[in-house]
Amino acid sequence: MDPQSYIPGMTPADPGPLSRFTPPLEEGVISRWLPLHAPMGSWLLDPFGFSPRLVLEAARMGYRVLVAVNNPITRFLLEAAAKPPTEADFKAALADLAVAKKGDERLSVHLQSLYLTTCEKCAQQIQAEAFLWRKGEDAPYARIYTCPHCGDSGERATAHDDIERARRIASTDSLHRSRAFERVAALDDDDRVYVEEAIQFYLPRPLYFLTTVINRLDSLNLAPERRRAMNALILVSCDIGNTLWGHPSERPRPKQLIIPSQFRESNLWSQLERGIGIWTQTASSVACEAWPQKIPETGGICIYEGRLKDLAHEAKKEIPIIAVIGSVPRPNQAFWTLSALWAGWLWGRDAVEPFKIALRRRRYDWAWNATALHAAFTHMFDLLPLGTPFFGLLPETESPFLTSVLTAAGTAGFDLKSLALRTEHDPIQLIWRGGEHLKREMSEPNIDDVRLAIHEHLMERGEPASYMHVHAAALIALAEMHALKKRNQEFDEALRDTQTLIQKALEGDSRFVHYSAGENVDTGLWGLRETIAAHPQNEAHDSLSDRVEIAIVSFLQKNPNSIFLEIEDDLYPHFPGLLTPPKAMIYSVLNSYAERDGGAWKLRSEDLASARRSELNTIAGTLESVGSRLGYSTHKQQRSYLWQEDDQIRYVFYILASALVGRAIAESRNQPDHTIIVIPGGRAALATYKAQRDPALARQLKNYRVVKYRLLRALLERPTLTRETFEQQIGSDPIEKPKAQIVMF
Ligand SMILES: [Zn+2]
């Protein structure tokens, strides 16, 4: 395997519709990978259709993307992002709805009246922004509003009329609930119970609101474009309208249908209006057709509605796929169940049918995930020419998810070529190639090989790593040996075996140290025992954070006024694969050495190499003269200065311009009591950051005195300095002591 460097991107300014269910990916990543692997205009395949943004970015660059999507909601998101309704259509559709009649009332007035509340201060009737509920209660306990009359604003306890209104709406609930149900499934449908359960995640008021709007739309006969715009707005309201919005927000990205103990019920009329902004801010036009319609060579999206299996059969002859891209799906019971429900509400029972299985399934475990992915990879394998590259993204990674994906892909014939991991909070970037064929030898997994892989990674890293990193190092080794699953073994057994193997490899090896508050192997950090880490052979391996510091500073010396992305671009190729430095580390170095003007970073004037050199020389000169005044002779040894008396070392000074304290410690290992590490004041926060993320370094640092230039200079300049006052004062201004907690990134 040849690990590639992580491709940096930008967090999207606007998360877009249904963003808590769509994969959290950075923008600009795929558009940098693609030109290196596929000529513009060529065909790409996204077998999962999981991330509309990823597909859109590739299509906008000028690629033709064939996407298999079986979730009708994701399909709608993709179509709507590719061919967005105009803002005028959105506004006109909403206006048509607003003036429709409900009895004698305008529909807008009727729907807004559902959210009336009384201002606590001026007693006017106003619109609540939201009501707050406790799970299981029949009325909200609080409301949130901003009064347009007197300006009173915030969270207030519910009043009598709020409770009455909620109960009044609830009294007609069963009628609306059965209507909502019948749009999704027939009364005699076997899946009836599942639909009913899914609808339980709607309170009476939002359910009444949504069914009223949807039923009225049927009779409005809107022009197709306006109807599509209205569907887009309703879809956002369907998401906002369920009970999965914890208050305060604790699980911002739900995976399971679980009602939080406290949750927020938003004013859906305001949300309809707000929805226009959500859709129009992120969209831009690109050709989009349903298979087998043609799309132009200048790029576009071709959507295949069926199963990947059938597509493989149909497309093989017609479409030369040059590369595969995709955000690999992880199970999301909440989104998949709600997708089936919403598809029924928006388009009726027929639209639900192909996706109905999502309603039935309650639990998605990793074995299910691996089995489903394996099927997808296998169908894809049949469709692709030998050696086709596949760029996969894995957001919201957990170690069992990564095991599942690598096992599924490997056993379907895809060879893992690269795995780049930044932190467990960033998407993993994977590259596979379609391999020779499935009839390859599977080897027995070997614990020694796993240990070797973990050991090598930790040596290379020079500092402890998160469990995710050592897990990935182990999986890469197993994938290369084709040892993730035995022939004829079930996926659940294979995944379990792999997990047990990695756990045994870590726990049964005295070279590895676990830094963790918890018992579980997959928490905290894993490192090497200090005696190994300090072995002379390992000298070349400064810690990752030290090497990153050096790399950033030398880049900025040569390239002042660089933006963050340029710094990442230079940095990541030096630290490929599992060594990708976290953004927090880059920022810690930048904040220590550089200043920002707009978006551009440059070294502070005192941190230019020439300035630092001259300061070092001054301090060295003073050390020598003061030393001789105190009766010590000064000797330079490698990077340190020694104060000696009768050939005995009394003090060793490491005067650093950097925060490379680990290196100073490695060189002075035998005499911590005598050693004083001197760093510029501007480096103190960086040294502290390093000690916080590296418990081994933090423990070693406790034996050393680390002082700032400022203190040493002040001491040396003191005319009355004696040996006693020097010894007393030298430890009086320490850098901030590292806290016990471990910084995970
Ligand atoms: Zn008021």
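Quick note: structure is the one above.
Residues numbered from 1 in each chain as written. Predicted model: local features only at pLDDT ≥ 70, side-chain atom pairs only at ≥ 80, totals over all residues. Heavy atoms only, no water.

**Student:** What's the story with the overall build of the protein chain in this structure? I'm lost.
**Tutor:** Assigned secondary structure in the protein chain consists of 30 helices and 27 strands. Based on the C-alpha atoms only, the size of the protein chain along its principal axes is roughly 105 × 75 × 50 Å. Counting all 745 residues of the protein chain, 55% fall into the buried class. Pairs at least 24 residues apart make up 70% of the contacts formed inside the protein chain by residues separated by at least 6 positions. Carbon together with sulfur atoms contributes 50% to the accessible area of the protein chain, which is approximately 31800 Å² in total. (Helix = DSSP H or I, 4+ residues; strand = E, 2+ residues; numbered from the N terminus. Buried < 20%, exposed > 50% of the residue type's maximum accessible area, 1.4 Å probe, protein only. Contact = heavy atoms within 4.5 Å. Areas by Shrake-Rupley, 256 points an atom, 1.4 Å probe, with all protein chains shown as cover.)

**Student:** Could you clarify how one ought to interpret the coordination of the zinc ion in this entry?
**Tutor:** Four donors placed tetrahedrally about a metal ideally form angles of 109.5 degrees, and six donors placed octahedrally ideally form angles of 90 or 180 degrees. Bound to the zinc ion are the protein donor atoms Cys119 (SG), Cys122 (SG), Cys147 (SG) and Cys150 (SG), situated 2.2 to 2.3 Å from the metal. Each of the 4 donor atoms around the zinc ion contributes to a set of angles spanning 102 to 114°, which defines the coordination as tetrahedral. Its relative accessible area of 29% is what places Cys122 among the partly exposed residues. (Donors = N, O, S within 2.8 Å, 3.2 Å for Na, K, Ca; no water. Tetrahedral: all angles 85-135°; square planar, octahedral: opposite > 155°, others 65-115°.)

**Student:** Would you explain the environment of Gln671 in this entry?
**Tutor:** Position of Gln671 among the secondary structure elements: in the loop between α26 (661-667) and β26 (675-679). Taking the C-alpha atoms as reference, Gln671 lies 9.2 Å from Ile649; in sequence the two are 22 residues apart. If near-sequence neighbours (up to four positions away) are discounted, Gln671 is found in contact with Ile649 and Val652.

**Student:** Even after reading the chapter, I still don't get the nonpolar core, so can you show me in this structure?
**Tutor:** Side chains of nonpolar character tend, in soluble globular proteins, to be buried together. Judged by nonpolar contacts, the single largest core of 139 residues is most densely connected at Leu66, Trp342, Trp345 and Phe377. Residues Phe564, Met585, Ile677 and Ala687 belong to the second largest nonpolar core, which totals 42 residues. (Core = buried A, V, L, I, M, F, W, Y, C linked by side-chain atoms within 4.5 Å.)

**Student:** Whenever I open this one, helix α25 (residues 609-629) confuses me. Can you help?
**Tutor:** The α-helix advances 3.6 residues per turn, and as a result positions three or four apart in sequence lie on the same side. Compared with an ideal rise of 1.5 Å per residue, which puts 21 residues at 30 Å, α25 spans 30 Å between its outermost C-alpha atoms and is within 8% of the ideal. Burial in α25 covers these residues: Arg612, Ile619, Ala620, Leu623, Val626 and Gly627. All buried residues of α25 project into a common sector of 140° when viewed along the axis, lining one side. Across from the buried face of α25, at angles greater than 90 degrees, the exposed residues are Arg613, Asn617, Thr618 and Ser628. Check the buried side of α25 and you find it contacts β23 (633-637), β24 (640-645), β25 (648-655) and α29 (709-716). Taken from the residues just after α25, Gly631 is the one with a positive phi, measuring 95°. (Expected span 1.5 Å × (residues − 1). Arc of directions from axis to C-beta.)

**Student:** Looking at this structure, I do not really get the sheet that holds strand β18 (residues 512-515). What am I missing?
**Tutor:** Each strand in a sheet pairs with another by means of backbone hydrogen bonds, the pair being arranged parallel or else antiparallel. If you trace the 3 strands from one edge of the open sheet to the other, you get β17-β19-β18, paired in antiparallel fashion. Single-partner strands in this sheet number two, and they are β17 (465-466) and β18. In terms of strand pairing, β18 meets strand β19 (residues 525-528) through 4 bridges, oriented antiparallel. Note on β19: the bridge partner recorded for Val513 is Gly527. (Pairing = 2+ DSSP bridges.)

**Student:** Where do I start with the sheet that holds β25 in this structure?
**Tutor:** Pairing within the open sheet is mixed, and its 5 strands lie in the order β23-β24-β25-β26-β27. At either end of the open sheet lies a strand with only one pairing partner, and these are β23 and β27 (705-708). When the angles between neighbouring strand axes are averaged without regard to direction, this sheet yields 25°. With 5 bridges connecting them, β23 and β24 associate as antiparallel partners. If you follow Lys636 over to β24, its bridge partner there is Tyr641. Sheet strands touched by α29: β24, β25, β26 and β27. Its angle to β27, the strand with the most contacts, is close to 80°. (Axes fitted to C-alpha atoms, helices over the stretch in contact; angles between N-to-C directions.)

**Student:** Quick question: what am I supposed to make of the packing of helix α22 (residues 544-558) against helix α23 (residues 564-571) here?
**Tutor:** Helix-helix packing is described using two parameters, namely the angle between the two axes and the distance between the axes. Between α22 and α23, the shortest axis-to-axis distance is 10 Å and the interhelical angle comes to 120°. The angle between α22 and α23 falls in the class oblique. When you trace α22 past α23, the crossing you get is right-handed. Here α22 contributes Val548, Ala551, Ile552, Phe555 and Leu556 to the contact with α23, which in turn contributes Glu566, Ile567, Asp570 and Leu571. (Parallel < 35°, antiparallel > 145°, perpendicular 65-115°, else oblique. Left-handed = near helix turned anticlockwise from the far one by under 90°.)

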